[in-house]
Amino acid sequence: MADIPDLTSEQFRKFADLIRREASITLREQKIVLLSNRLRRRALATGCANFDEYFAFVTSKPEERRPFLEAITTNESYFWRSTASFDLMKKVALPQLLKAYPKAPIQIWSAGCSTGEEPYNIAMEVTEAMKSLGVFPYQVIATDISARVVDFAKVGRYSGRKIEKIPPLLLYRYFRADPESKGQFLVRDDLRTKIDFRVENLFESTPRNIHCIFCRNVMIYFQKADQEILIRRFYDALVPGGFLLVGHSESLHVLQADFTPVHCPDGVIYRK
Ligand SMILES: C[S@@+](CC[C@H](N)C(=O)[O-])C[C@H]1O[C@@H](n2cnc3c(N)ncnc32)[C@H](O)[C@@H]1O
């Protein structure tokens, strides 16, 4: 198979502009080799001889939009990732929300859910929290721009590194071994039905009446102006007194405007 050399600076800029327009993801030129590798697979798969041909292809064929977006997103995720967020949800957000909204089902949004570990992890932690807070109705909405990861997430089948941090007791409680595939574990059906998975761009989706948003390890891919737009959208999506949780390495300065940061021993959670 003919190889395609790495993107030139000019080609990189054209693709980077397109990616910003389509997904609001900002790529710096240090990522030129990474982007070349990701796009090369699509270029070859679509029969293009070079990146200029592939650019013309992706911008003229609407059916290439989905695989293009799938190729350029970074979907790293695993269970029990940065557990401080879950502790903040259980210790700070849920007690206050249940007091303020005793009748409403608690709606939690996993924004940029990737392959589903985060929304399932939220559902497990909510179920665990019910032991001290009492039983309450809830739902998790999970969205991602990549249809491939959402399709994977809906199945709820995991193995290896993705599940290695789950405490054994909780793995036993919330998963069952897949009888058809050794070493694979399936999320229990009653938990799976709690998650409403959707393919959505965060800059277009408009959930409302959300009580708690998790948007972790997603905003790092956006530039400051887009982060600000997104934070505004999250603010509008939340009920009064609703909460936002971000990844521990994400820059927080843009959050200060509208949200009130609540500093806790486990980290910071933002209240509307
Ligand atoms: C690194 S993963 C983070 C997954 C999970 N939140 C976690 O912390 O483990 C980032 C996800 O954000 C998604 N994403 C990036 N830009 C997006 C956008 N504009 N709209 C929706 N999802 C987006 C990617 O497809 C990817 O699955």
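Throughout this document, residue positions are counted from 1 along each chain, in the order its sequence is written. Only residues with pLDDT of at least 70 are given local features in this predicted model, and only at 80 or more are side-chain atom pairs given and counted; all residues enter the totals for whole chains, interfaces and linings. To get the side-chain values, take all heavy atoms of the structure and skip hydrogens and water.

Asks: Sorry if this is basic, but what is going on with the site of the ligand here?
Replies: By convention in these notes, a residue is near a molecule or strand provided one of its non-hydrogen atoms lies within 4 Å of it. In the vicinity of the ligand lie 22 residues, with A23, S77, R81, D144 and N217 positioned nearest. Between the ligand and N75 there is a distance of 2.9 Å, counted from an oxygen atom to a side-chain nitrogen or oxygen. The side chain of N201 places a nitrogen or oxygen atom 3.0 Å from a nitrogen atom of the ligand. Working definition of accessibility: Shrake-Rupley area with a 1.4 Å probe, residue cover restricted to the visible protein chains. Within the complex, the protein chains bury 99% of what would otherwise be the 610 Å² of accessible surface of the ligand. Any residue with an atom within 4 Å of a point lines the site, the site being either a cavity, points on a 1 Å grid over the protein atoms alone where a 1.4 Å probe fits but cannot get out, or a pocket, an open set with protein on both sides within 12 Å along at least 5 of 7 lines. A molecule is counted as occupying a cavity or pocket when more than half of its atoms fall within 2 Å of that pocket's grid points. Most atoms of the ligand, that is more than half of them, are within 2 Å of grid points of the largest pocket. Along the lines of polarity and charge, the residues of the shell around the ligand split into eight nonpolar, eight polar and six charged. Two N or O atoms form a polar contact when they lie within 3.5 Å of each other; inside protein one atom must be a possible hydrogen donor and the other a possible acceptor, and for residues adjacent in sequence the pair counts only when both atoms belong to side chains. Gly falls in the polar group here, along with every residue not listed as nonpolar (Ala, Val, Leu, Ile, Met, Phe, Trp, Tyr, Cys, Pro) or charged (Asp, Glu, Lys, Arg).

Asks: Explain the sheet that holds strand β5 (residues 185-187) here, please?
Replies: Within a beta sheet, neighbouring strands are joined by backbone hydrogen bonds and run either parallel or antiparallel to one another. Strand pairing requires that DSSP identify at least two bridges connecting the strands. The helix and strand labels rest on DSSP assignments: H or I over at least four residues marks a helix, E over at least two residues marks a strand, and numbering proceeds from the N terminus. Strand order in this open sheet of three strands is β3-β5-β4, and the pairing throughout is antiparallel. In this open sheet, the two edge strands, each paired with only one partner strand, are β3 (157-158) and β4 (175-177).

Asks: Is there a simple way to think about the environment of V140 in this case?
Replies: Relative to the elements of secondary structure, V140 occurs in strand β2 (residues 138-144). With 96 residues separating them along the chain, V140 and D236 place their C-alpha atoms 18 Å apart. Any two residues having at least one pair of non-hydrogen atoms within 4.5 Å are treated as being in contact. Not counting chain neighbours up to four residues away, the residues in contact with V140 comprise I108, P119, I122, K194, I195 and D196.

Asks: I'm lost on the layout of surface pockets in this one. Help?
Replies: The gaps left among the atoms become clear once a water-sized probe is rolled over them. Its volume calculated, the largest pocket comes out at about 740 Å³. Considering the residues around the largest pocket, the lining is formed by 33 residues, among which I25, T74, N217, V218 and Y221 are closest to the centre. Residue composition of the lining of the largest pocket, by class: 13 nonpolar, eleven polar and nine charged. Where each domain begins and ends follows an automated or database-derived domain assignment. For the lining of the largest pocket, the two domains that each supply at least three residues are domain 1 (9-72) and domain 2 (84-271). By volume, the second largest pocket is sized at about 170 Å³. Grid points are joined across faces, edges and corners, and a volume is the space filled by probe spheres set on the points.

Asks: What is the right way to read the packing of aromatic side chains from this model?
Replies: Given two aromatic rings, their pairing is described by the distance between the two centres and the angle made by the two planes. Working definition: a ring pair exists when centres of Phe, Tyr or Trp rings (six-membered ring for Trp) sit within 6.5 Å. Plane angles under 30 degrees give stacked, over 60 give edge-to-face, the rest tilted. Per the stated rule, a full pass over the model turns up 15 aromatic pairs. Centroid distance Y54 to F68: 6.4 Å. Interplanar angle 50 degrees. Geometry classified as tilted. Taken together, the residues span a long stretch of sequence, with Y54 in helix α3 (residues 51-60) and F68 in helix α4 (residues 65-72) at a distance of 14 residues. As far as burial versus exposure is concerned, Y54 and F68 are alike and both buried. Exposed residues in this analysis have more than 50% of their type's maximum accessible area, buried residues have under 20%, and partly exposed residues fall in between, with area computed by a 1.4 Å probe over protein chains only.

Asks: Is there a simple way to explain unusual backbone geometry in this structure?
Replies: Leaving glycine out, the prevailing phi sign among residues is negative, and the prevailing peptide bond configuration is trans. At S82, a position not held by glycine, the phi torsion is positive, near 45 degrees. By the secondary structure assignment, S82 is in the loop between α4 and α5 (84-100). A positive phi angle, near 50 degrees, is found at S114, a position not held by glycine. Along the chain, S114 turns up in the loop between β1 (106-111) and α6 (117-133). By relative accessible area, S114 is classed as buried at 6%.

Asks: Looking at this model, I keep getting lost on the sheet that holds strand β7 (residues 210-215). Mind explaining?
Replies: Judged by pairing direction, the sheet is mixed, and its seven strands sit side by side in the order β6-β2-β1-β7-β8-β10-β9 without closing on themselves. Of all the strands in the sheet, just β6 (195-199) and β9 (260-264) have a single pairing partner and so form its edges. The mean angle between the axes of side-by-side strands here comes to 20 degrees, regardless of whether they run parallel or antiparallel. Pairing geometry for β2 and β6, over five bridges, is parallel. In the sheet register, T143 faces β6, and the bridge partner there is R198. Simply put, an axis is a line fit to the C-alpha atoms, just over the touching stretch for a helix, and the angle between two N-to-C directions goes from 0 to 180 degrees. Its contacts with the sheet put α6 on β1, β2, β6 and β7, and the angle it makes with β2 is roughly 165 degrees.

Asks: Honestly, the state of the cysteines in this entry has me stumped. Any pointers?
Replies: Cysteine sulfur atoms are paired as a disulfide whenever they come within 2.5 Å of each other. Counting across every chain of the model gives zero disulfides. In this structure C215 is a free cysteine whose sulfur lies 11 Å from that of C113, the closest cysteine sulfur available. Note on C215: relative accessible area 0%, which makes it buried. Residue C264 stays outside any disulfide, its sulfur separated by 12 Å from that of C212, the closest cysteine.

Asks: Teacher, can you tell me more about the domain arrangement of the chain here?
Replies: When the parts of a complex come together, some accessible area is lost, and that lost area is often taken as the interface size. Structurally, the chain comprises domain 1 (9-72) and domain 2 (84-271). Its C-alpha centre places domain 1 at a distance of 30 Å from the equivalent point of domain 2. Three residues stand out in domain 1 for area buried against domain 2, namely R20, S24 and E70, and they jointly supply 46% of the buried area on that side. Any carboxyl oxygen of Asp or Glu that lies within 4 Å of a side-chain nitrogen of Lys or Arg is treated as forming a salt bridge with it. Across the domain 1-domain 2 interface, the total number found is two salt bridges. Across the pair R66 and D151 runs a salt bridge, and its minimum N-O distance is 3.3 Å. Run the count over domain 1 and domain 2 and you get six residue pairs in polar contact (both at pLDDT 80 or more). Breaking the side of domain 1 that touches domain 2 down by element, the ones donating at least two residues are α1 (9-23) and α4. Across the side of domain 1 that touches domain 2, the residue classes break down as three nonpolar, two polar and four charged. Reported buried area values correspond to the accessible surface (1.4 Å probe) lost by two parts on association, with both partners' losses combined.

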